[in-house]
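Structural description and commentary
The residues making up each chain are set out below.
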Amino acid sequence: MADETFEEAIADLESGRSKAGEQEVPAGDQADAGSHPTVAALRAEFGDAVLHHAVMAGDERVVRVSRDRAVAILRWLKDDPAQEYDFLADVTAVDWGGGRPLDLVYQLWSIPHRRALRVKVSVPLDDPVADTVSGLWKTANWLEREVWDMFGIRFRGHPDLRRILMPEGYAEGHPLRKDFPLRGRFSRAEQTRRILATPVAETYSEQELAVAEEVRSHHRGSAGSEASE
Amino acid sequence: MSTKTVEYLVTRSPELNAEGVPVHAEFPLGVEPELHAEHMLINIGPQHPATHGVLRLVLELDGETVISCTPHIGYLHSSFEKLGEYRTWNQIIPLTDRMDYLAPLIYNCAYAMAVEKLMGIEVTERCRIVRVICMELDRIFSHLLWLGTTAIDIGAFTVFLWTFQERERIYSLHEALTGARITTSATRIGGMMADLPVGWIEALRNFVETLPRTIDETETLLTNNQIWIGRNRDVGVIGPEEAINCGLSGPNLRASGVEYDIRRDRPYYDYETYDFDVVVGEHGDCYDRYLVRIEEMRQSLRILDQAIERVPEGPINVADPRVILPGKTDAMTDMESMIHHFKVVMEGVKAEPGESWFSVESSKGELGMYVVSDGGSKPVRWRVRGPSFINLSALPHMVVGRLLSDVIAVNASLDIVLGEIDR
Amino acid sequence: MGVSLPTAGSGEASFLTTRLDYVVNWARRSSLWPMPFGTACCAIEMMAAAATKFDIARFGMERMSFSPRQADLLICAGRVPYKMAPVLRRIWDQMPQPKWSVSMGACASSGGVFDVYSMVQGIDTIIPVDVYVPGCPPRPEGLIYGILMLQEKIKGESLKNPALREEDPARTGLANLPAATVDEVARPYGNSTKQNRVSGLVDTAALTRPSDREP
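Residues numbered from 1 in each chain as written. Chains lettered and ligands numbered in written order. Predicted model: local features only at pLDDT ≥ 70, side-chain atom pairs only at ≥ 80, totals over all residues.

**Considering the overall build of chain A**
Each helix and strand in chain A was counted, giving 7 helices and 8 strands. Looking at chain A residue by residue over its 229 residues, the buried ones come to 39%. Here the analysis covers contacts within chain A between residues at least 6 apart in sequence; of these, 51% occur between residues at least 24 apart. (Helix = DSSP H or I, 4+ residues; strand = E, 2+ residues; numbered from the N terminus. Buried ≥ 20, exposed ≤ 12 C-beta atoms within 10 Å, placed from the backbone. Contact = placed C-beta atoms within 7 Å.)

If you want it as structure tokens, here you go:
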């Protein structure tokens, strides 16, 4: 019986219905406005793109939004003068396992208004794509690279979506997924062999190699011209 | 032979343009023969004395001027977050020491606070004040190391020895409290691993009273030293809007003039009742970051002074049987206590389904701990928002257009620790 | 005078070669130039060992050499992930003979608490190690003890033994141990065998490999 409660709790969390661990926040602007003005304004502005609102751990506001309007919502949250969430504290993801969609989590803080907000976006496993917010906050650049590296969520529009923590040619997958075993997919000997056999050029990014290539080609050119003299 | 006009970026007092980005004054230095010079690609690290750990910087240089700087990280990736999913709530605490090994008590406390928020546990008054003492002590601990290593990067070796001598005294305090010098693992869910040993407060009081002299001596060596000023003033400038947008936090952000300190804006553990100043700089250069940290050490000493006076008698652990083990005498004599002990140890502490984000002002910036639980004894997700990860991502914005040696100075002034970056 | 000097490589110790060994080993062990390959927490304890309270300069290690070309001793202090392994191997290959290495800490010696996908389970799979210093982190006194142990080891070396300073150039950049041995030393043991998710009652469908559990 305990199984059912937990299964239900997870199912409800992912589908957006509030459940155990959250406090029910009554619908309606009045309940929201006094305690946290953002949620009421957000609902007024974006209507049904705001799927769900909950209060976690006593005082943390969590808003679940639809994936296709997530960037518009985040942009509004950043730019609207009454909201001004100018500090993006974190971008991360949660894998619940068992084929459930990933949760992409944005943690926001407004320095002028001293308010926090968590925005969640559900990302299905069969289409792990989201839009980048690195145009809004420069912080998101590396944070989204880490989400790509660890979870495999691809960010459309990201200027430089490469692995950041794992080596560039890492072939075992995306480590923080629940179906990724703790010790990795290959044996230790194989992991050792692969990493020591990595060519040095693979540790540089494309732009860096382009600079090195430019230098090399210039030297080749000048050597040729000197030889001909 | 053709000639070209060479321009250099020179800053005296940078103005900020509309976006809050510093505008460097450019002026031509004259004409030089046109030498075909291509850019150089050099690699600093990951094994390098001045990168503060296994950081790799790939710089594209035009002579000595930095055209682009790309940090490569991941050379210390120890997958703490994945490992945390396989450990019970209390077993994660030793992992938190090893992320920011320069201020382990702050991480221990921040993690315990996040899980206690998730579980709705209120720790005792004594525990709260002891944790404030631990966090402020480790803030000083971390800043002392930063001071020593930054000075040695710029070339001042003596400061390194002095700060390490002071740190040895904090090591002794750590060791008396927990048994370990660095990897303290001092907190537990619901309290601390052990109460303060007899005489610890007196030793701490002695430390607090004598440290200011060392800080003063160090300041006489550095603060008005023309070499120090020349290497640090107007180097690595970042304006306030750009700093916020880049996600800088802690002394780095405050040195740019942004008054954001979590101890004041989102206070925890009665920080609003302590009398201390939030130290804010002005120019956002390395020199201001240095001044901010020095002053922060003094403010931490002020907080420690007040906290030492406030430590009450009473239990250090909350009397909550869900999380705290019974006393050993009880466990050995009373059946119920023994069963309770067995359950807590074998099954682990269980948390209700839910999640919690807890931010703490660590020595490096905003340390965020995000814990997600599905009702079991191990987390579904344990995310650490390490401030150094994001502080480092702002490095390229600060060094483009500067000279190579400025890269080292700026990198040092950011106060990064690779354990927290790579996790 | 009728004393026949032993020819090089003859393998016989004699009065002169043992005296030479003594002098050479004394010079080598008393002036080791360490190359601190510090990655994590152990690096801080190594720095503390170099600072005033513990001071490895007493033992001849005054000058830390950050260039491997001028170093004798590689002190690997801290955990080494696979991404760092080629760097470690390359630094080791760049050091000229005679060279020694100290694996400082549990993570460098065996992987430590990190039996995970990204961590090298002991740097002896990558480079040959002379002394292992356990601890997490070892106290500076522990590191000093390890260094003194290495100095004893050097004292017992002999120039007549070519195997000590032998290095196969074909093995640059390759792992130190053969593949089967790497798997053998890195296989899960102790508590590692019981690492699985038991949080709540959610089935996370984690892949298990047969070698993950010991009977």
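Back to the text.
**Quick notes on the interface of chain A and chain B**
On the chain B side, the residues contacting the 41 residues of chain A number 42 residues. Mapped by element, the contributors of at least two residues to the side of chain A that touches chain B are α1 (2-15), β4 (87-94), α5 (140-151) and α7 (206-228) of chain A. Among the residues making up the side of chain A that touches chain B, the classes are represented as 25 nonpolar, 7 polar and 9 charged. (Nonpolar A, V, L, I, M, F, W, Y, C, P; charged D, E, K, R; others polar.)

**What about the confidence of the model for chain A?**
Residues and elements named next belong to chain A. For chain A, the mean per-residue pLDDT works out to 80, and 81% of the residues sit at or above 70. Across residues 16-34 the pLDDT falls below 50, and counting only partners more than four positions away or on other chains, this stretch makes 31 contacts in the model. Between residues 224-229, whose pLDDT stays under 50, and residues either more than four places distant or in other chains, the model counts 0 contacts. (pLDDT = per-residue confidence, 0-100.)

**Considerations on the nonpolar core**
Counting residues in hydrophobic clusters, the biggest one holds 234 residues, and the most contacted among them are A110 of chain B together with L88 of chain C. Residues in contact with L88 of chain C, not counting those within four places in the same chain, are F37, C76, V80, I123, I126 and I127 of chain C. (Core = buried A, V, L, I, M, F, W, Y, C linked by C-beta atoms within 7 Å.)

**Description of the pairing of strand β9 (residues 366-373) of chain B**
All names here are of chain B. Of all 8 residues in β9, 8 are buried, a share of seventy percent or more. Both faces of β9 are covered, namely the face carrying E366, G368, Y370 and V372 and the face carrying L367, M369, V371 and S373. In the sheet, strand β8 (residues 354-361) pairs with β9 via 8 bridges, with the strands oriented antiparallel. Its bridge partner lying in β9, S356 is registered against V371. The hairpin formed by β8 and β9 contains 4 residues between the paired strands, and G365 there has a positive phi angle of roughly 155°. Bridge count between β9 and strand β10 (residues 381-385): 5 bridges; the pairing is antiparallel. Paired with V371 across the bridge in β10 is W382. (Pairing = 2+ DSSP bridges.)

**Topic: the sheet that holds β8 of chain B**
Residues and elements named next belong to chain B. Taken in spatial order, the 3 strands of this open sheet run β8-β9-β10, and their pairing is antiparallel. Two strands lie at the open edges of the sheet, namely β8 and β10, each paired on one side alone. Adjacent strand axes in the sheet meet at a mean angle of 10°, parallel and antiparallel pairs treated alike. Contacts from helix α3 (residues 104-119) reach β8 and β9, with the element oriented near 145° to β8. (Axes fitted to C-alpha atoms, helices over the stretch in contact; angles between N-to-C directions.)

**A word on the packing of helix α6 (residues 200-222) of chain B against helix α11 (residues 286-310) of chain B**
Residues and elements named next belong to chain B. Relative to each other, α6 and α11 sit at 160°, their axes nearing to 10 Å. Classified by the interaxial angle, the pair formed by α6 and α11 is roughly antiparallel. Of the two possible hands of crossing, α6 and α11 adopt the one that is left-handed. Where α6 abuts α11, its residues I201, L204, R205, V208, L211, P212, I215 and E219 lie against I294, M297, R298, L301, L304, D305 and I308. (Parallel < 35°, antiparallel > 145°, perpendicular 65-115°, else oblique. Left-handed = near helix turned anticlockwise from the far one by under 90°.)

**Observations regarding the pairing of strand β4 (residues 56-62) of chain B**
Residues and elements named next belong to chain B. Of all 7 residues in β4, 5 are buried, a share of seventy percent or more. Sheet topology places strand β3 (residues 40-44) next to β4; 5 bridges connect them, and they run antiparallel. The residue bridging M40 from the neighbouring strand is L61, located in β4. Looking at chain direction, β4 and strand β5 (residues 65-72) are connected through 7 bridges and run antiparallel. Residue pairing across strands places D62 opposite T65, the latter belonging to β5. As consecutive antiparallel partners, β4 and β5 are separated by 2 residues, and within that stretch G63 has a phi angle of approximately 70°, a positive value.

**Considering the domain arrangement of chain B**
Partitioning chain B into structural domains gives domain 1 (3-72) and domain 2 (80-422). Summarising the inter-unit geometry, the C-alpha centres of domain 1 of chain B and domain 2 of chain B are found 33 Å apart. (Domains from an automatic or database assignment.)

**Some points on the sheet that holds strand β2 (residues 73-77) of chain C**
Residue and element names in this part refer to chain C. Ordered by their spatial adjacency, 4 strands build an open sheet running β1-β2-β3-β4, and the pairing between neighbours is parallel. Looking along the sheet, the strands with just one partner apiece sit at the ends: β1 (34-38) and β4 (131-133). When the angles between neighbouring strand axes are averaged without regard to direction, this sheet yields 20°. Here 5 bridges tie β2 to strand β3 (residues 100-104), and the two strands are oriented parallel to one another. Directly across from C76, in β3, lies its bridge partner S103.

**Details of α3 of chain B**
Structural remark: α-helix, 3.6 residues per turn; residues separated by three or four positions point the same way. All names here are of chain B. Under the 1.5 Å per step criterion, the end-to-end length of α3 is 23 Å for 16 residues, consistent within 8% with the ideal 22 Å. Counting buried residues in α3 gives 16 out of 16 residues, a clear majority hidden from the surface. Looking one or two residues past α3, G120 carries a phi angle of roughly 70°, positive in sign. (Expected span 1.5 Å × (residues − 1).)

**Some points on helix α13 (residues 335-347) of chain B**
The end-to-end C-alpha separation of α13 of chain B is 18 Å, in line with the 18 Å expected for 13 residues at 1.5 Å each. Among the residues trailing α13 of chain B, G348 of chain B stands out with phi positive, at a value near 85°.

**Quick notes on the environment of L41 of chain B**
Note that L41 of chain B resides in strand β3. With residues up to four places along the chain from it excluded, the contact list for L41 of chain B reads E208, V211 and A212 of chain A together with V58 and E60 of chain B.

**Brief notes about unusual backbone geometry**
Glycine aside, residues mostly have negative phi, and peptide bonds are mostly found in the trans state. Residue P46 of chain B is bonded to the preceding G45 of chain B through a cis peptide linkage, with omega at 0°. Positionally, P46 of chain B belongs in the loop between β3 and β4. P98 of chain C follows Q97 of chain C through a cis peptide bond whose omega is -5°. Position of P98 of chain C relative to the elements: it lies in the loop between α3 (85-94) and β3. For R114 of chain A, which is not glycine, the phi dihedral falls at a positive 55°. By secondary structure assignment, the location of R114 of chain A is in the loop between β5 (102-110) and β6 (115-123). Positive phi, normally seen in glycine, also occurs at S79 of chain B, with a value near 45°. Relative to the elements of secondary structure, S79 of chain B occurs in the loop between β5 and α1 (80-84). Overall, S79 of chain B belongs to the buried group, with 23 C-beta atoms counted inside 10 Å.

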